[in-house]
Amino acid sequence: MAANQTQQKTVQFDEVDLDEVPTEESTTGRRHLFTKELRRMMYGFGDDQNPYTESVDLLEDLVIKYMAEITRRAMQIGSAGQIREDDIFYLYRKDACKYSRGKNLLAMNQKLMRARKAFDDCVYAQAETQLEQE
């Protein structure tokens, strides 16, 4: 395997209960998993800074349904009880935009992880040097 290839990541799904996921709940009992992020995204794409709650709720419902459908389809492709990156990319193989965006996001994530590790190593080395000087 080449050094520049990404390592296969596997997500193991046992019986996950959504009650364990920390969420905000409105007075109606509706869960708001992505409300804050969706409001910011809507503003970034030209909506009002405080979009209508109904608009955010509708968009959140669409996002959750989409994620559930992709997860269900990926579970059918891969091994039982787990989803790999390749399963998701297999679903997007014919959609060049989503496929390339996914690859770009993974590459950026790898770069960020390496940068964080280098930063942590640098901070650790500086702290160690300061301790030795004392």
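Conventions used here
Within each chain, residue numbers correspond to sequence positions counted from 1 in written order. Whole-chain, interface and lining totals are the exception, using all residues; otherwise, since this is a predicted model, local features are given only for residues with pLDDT of at least 70 and side-chain atom pairs are given and counted only at 80 or more. Computation of side-chain values covers all heavy atoms of the structure but excludes hydrogens and water. Only DSSP runs of H or I reaching four residues or more are called helices, and only runs of E reaching two or more are called strands; each is numbered from the N terminus. When a residue's accessible area, from a 1.4 Å probe over protein chains only, is under 20% of the maximum for its type it is buried; when over 50% it is exposed; and in between it is partly exposed. Contact criterion: two residues are considered in contact whenever any of their non-hydrogen atoms come within 4.5 Å of each other. Each accessible area is a Shrake-Rupley estimate made with a 1.4 Å probe; only the visible protein chains count as cover when residues are assessed. Angles here are taken between N-to-C directions and fall from 0 to 180 degrees, while the axes themselves are lines fitted to C-alpha atoms, restricted in helices to the stretch in contact. Each angle is binned into one of four classes, with values under 35 degrees roughly parallel, values over 145 roughly antiparallel, values of 65 to 115 roughly perpendicular, and all other values oblique. Residue polarity is assigned by list, with Asp, Glu, Lys and Arg as charged and Ala, Val, Leu, Ile, Met, Phe, Trp, Tyr, Cys and Pro as nonpolar; anything else, Gly included, falls into the polar class. Any Lys or Arg side-chain nitrogen found within 4 Å of a carboxyl oxygen on Asp or Glu counts as a salt bridge.

Visitor: What is the right way to read the overall build of the protein from this model?
Guide: Within the protein, the secondary structure is distributed over 4 helices and 4 strands. Mapped in sequence order, the helices and strands of the protein form the string β-β-β-α-α-β-α-α. The buried share among the 134 residues of the protein stands at 14%. Partitioning the contacts of the protein with sequence separation of at least 6, the portion at a separation of at least 24 is 44%. Of the roughly 11200 Å² that the protein leaves accessible, carbon and sulfur atoms contribute 55%.

Visitor: How should I be thinking about the packing of helix 1 (residues 35-44) against helix 2 (residues 53-77) in this particular structure?
Guide: The axes of two packed helices give the description: the angle between them and the distance between them. Between helix 1 and helix 2, the shortest axis-to-axis distance is 10 Å and the interhelical angle comes to 110 degrees. Here helix 1 is positioned roughly perpendicular relative to helix 2, judged by the angle of their axes. Contacts between helix 1 and helix 2 involve Thr35, Leu38, Arg39 and Met42 from the former and Thr53, Ser55, Val56, Leu59, Glu60 and Val63 from the latter. For the contact of helix 1 with helix 2, a count of residues per class yields 5 nonpolar, 3 polar and 2 charged.

Visitor: Mind showing me how you'd approach the environment of Val63 here?
Guide: For Val63, the position within the fold is in helix 2. When the C-alpha positions of Val63 and Leu38 are compared, they lie 9.6 Å apart, and in sequence the two are 25 residues distant. Leaving out residues up to four positions away in the same chain, Val63 has contacts with Phe34 and Leu38.

Visitor: In this structure, what is going on with the pattern of salt bridges? I would like to understand it.
Guide: Pairs can form between side chains of opposite charge whenever their charged atoms are close. Summed over all chains, the structure comprises 4 salt bridges. The partner of Arg84 in a salt bridge is Asp86, with the nearest N and O atoms 3.7 Å apart. What makes Asp86 partly exposed here is its relative accessible area of 32%. As a salt-bridge pair, Lys98 and Asp95 come within 3.7 Å of each other at their nearest N and O atoms. Judged by relative accessible area, which is 30%, Asp95 ranks as partly exposed.

Visitor: Can you walk me through the environment of Tyr43 in this structure?
Guide: Structurally, Tyr43 is set in helix 1. Since its relative accessible area comes to 45%, Tyr43 is described here as partly exposed. When near neighbours in sequence (up to four residues on either side) are disregarded, Tyr43 contacts Asp48 and Gln49.

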